[in-house]
Amino acid sequence: MTSVLDDWLQPRPGGGAGGVSDRFSRLRPPTDERRDGEDDHPDAGLVPTGPQTRFRERMAYGLRTALNAQVPGDLVAVSRMDVLLGPDRRARPDVSLVDDLAASDDRRTCYLAEEVRLVIEVVGPDSPAPDRDVRPRHYAAAGIPHFWRVESTDCRPFVYSFALDADGAGYQVTGVHHTRLAVDAPFPIAIDLERLPR
């Protein structure tokens, strides 16, 4: 017996990750992008990540809210939206700072790398290697100018800020911020990390 749902997750022919659609281009991320502990079996399931910690959710919400309170009118901070990094590579940063024109289209399911000015990853217990190494390399290769990595000590946040280096080959650290995050780019930002919106 077949079901109408048997092929619902199959991608459209030629509709790879570069297409702006709701269809999945692949069910599982490449091995180098999988989160630690993820099963390599092709039938392991459709949920690629473990449960989200409250710290990760709180940081993503707080940083998005704080950014949107300070951004110039041509930018918007969004959470958990896909970014196309290449013809067959997508990522879903915890927070992205995108061009307002792109963010104003509520039908969008993803953004192009050139529409993104900043990506933020909150390092989780299930994803330290991808958040610290794999994803930043992909973001840099796609030309996203700024990257922040949020870490914690006893659930107190601190943030590494990075900027794309001159040749676009990778990111250079621009600061390590413990209680207050203050940067000049992609625009002047000052955030009290101990009093983020909850």
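Up top is the structure these notes are about.
Residues numbered from 1 in each chain as written. Predicted model: local features only at pLDDT ≥ 70, side-chain atom pairs only at ≥ 80, totals over all residues. Heavy atoms only, no water.

S.K.: Any chance you could explain the overall build of the protein chain here in plain terms?
M.R.: When its secondary structure is counted, the protein chain shows three helices and 11 strands. Secondary structure elements of the protein chain, listed N to C terminal, follow the sequence α-β-β-β-β-α-β-β-α-β-β-β-β-β. For the protein chain, the proportion of its 198 residues judged to be buried stands at 43%. Nonlocal contacts in the protein chain, meaning residues at least 24 apart in sequence, comprise 52% of its contacts between residues at least 6 apart. Accessible surface, the protein chain as shown: approximately 10,900 Å² in total, 51% of it carbon and sulfur. (Helix = DSSP H or I, 4+ residues; strand = E, 2+ residues; numbered from the N terminus. Buried < 20%, exposed > 50% of the residue type's maximum accessible area, 1.4 Å probe, protein only. Contact = heavy atoms within 4.5 Å. Areas by Shrake-Rupley, 256 points an atom, 1.4 Å probe, with all protein chains shown as cover.)

S.K.: What is the right way to look at unusual backbone geometry in this model?
M.R.: A negative phi angle characterises most non-glycine residues, just as the trans form characterises most peptide bonds. Cis geometry is found at the peptide bond from Ala-185 to Pro-186, where omega equals 15 degrees. As for its position among the elements, Pro-186 is in the loop between strand E10 (180-183) and strand E11 (189-192). Located in the positive-phi region is Arg-80, a residue other than glycine, with phi close to 50 degrees. Arg-80 sits in the partly exposed class, given a relative accessible area of 35%. In this model, Cys-155 sits at a positive phi of 65 degrees, which is unusual for a non-glycine residue.

S.K.: What exactly am I supposed to notice about the packing of aromatic side chains here?
M.R.: Between two aromatic rings, the relevant description is the distance of the centres plus the angle of the planes. Within this structure, the stated rule accounts for six aromatic pairs. Clustering of aromatic rings is evident, with ring pairs tying together Tyr-139, Phe-147, Phe-158, Tyr-160, Phe-162 and Tyr-171. A cation over an aromatic ring shows up here: Arg-149 above the ring of Tyr-160, its NZ or CZ 4.3 Å from the ring centre. (Phe/Tyr/Trp six-rings, centres within 6.5 Å; stacked < 30°, edge-to-face > 60°. Lys NZ or Arg CZ within 6 Å of the ring centre and 35° of its normal.)

S.K.: Explain the nonpolar core here, please?
M.R.: Side chains that are nonpolar tend, in soluble globular proteins, to be buried together. Membership of the largest hydrophobic core comes to 24 residues, with the highest contact counts inside it found for Leu-67, Ile-120, Trp-148, Val-150, Leu-181, Ile-189 and Ile-191. The dominant element in this core, judged by the number of residues it contributes, is helix H1 (residues 54-70), at six residues. Discounting residues that sit within four places of it in the chain, Ile-189 has contacts with Leu-67, Gln-70, Trp-148, Leu-181, Ala-182 and Val-183. (Core = buried A, V, L, I, M, F, W, Y, C linked by side-chain atoms within 4.5 Å.)

S.K.: Sorry, what's going on with the environment of Leu-181 here?
M.R.: Position of Leu-181 relative to the elements: it lies in strand E10. Along the sequence, Leu-181 and Tyr-160 sit 21 residues apart, while their C-alpha atoms lie 9.2 Å from each other. Leaving out residues up to four positions away in the same chain, Leu-181 has contacts with Trp-148, Val-159, Ile-189, Ala-190, Ile-191 and Leu-193.

S.K.: Would you mind showing me how to read the environment of Asp-126 here?
M.R.: For Asp-126, the location among the structural elements is in the loop between strand E6 (116-122) and helix H3 (128-141). The exposure class assigned to Asp-126 is buried, which follows from its relative accessible area of 17%. Between the C-alpha atoms of Asp-126 and Pro-51, which are 75 residues apart in sequence, the distance is 8.8 Å.

S.K.: Any chance you could explain the sheet that holds strand E1 (residues 75-79) here in plain terms?
M.R.: Within a sheet, neighbouring strands are paired by backbone hydrogen bonds and run either parallel or antiparallel to one another. Read from one edge of the open sheet, six strands run E1-E4-E6-E7-E8-E9, paired in mixed fashion. Among the strands making up the open sheet, the edge pair consists of E1 and strand E9 (171-177). Each strand of the sheet is rotated relative to its neighbour by a mean of 20 degrees, with strand direction disregarded. Pairing geometry for E6 and strand E7 (residues 146-153), over five bridges, is parallel. For Glu-121, the partnering residue across the bridge sits in E7 and is Arg-149. (Pairing = 2+ DSSP bridges. Axes fitted to C-alpha atoms, helices over the stretch in contact; angles between N-to-C directions.)

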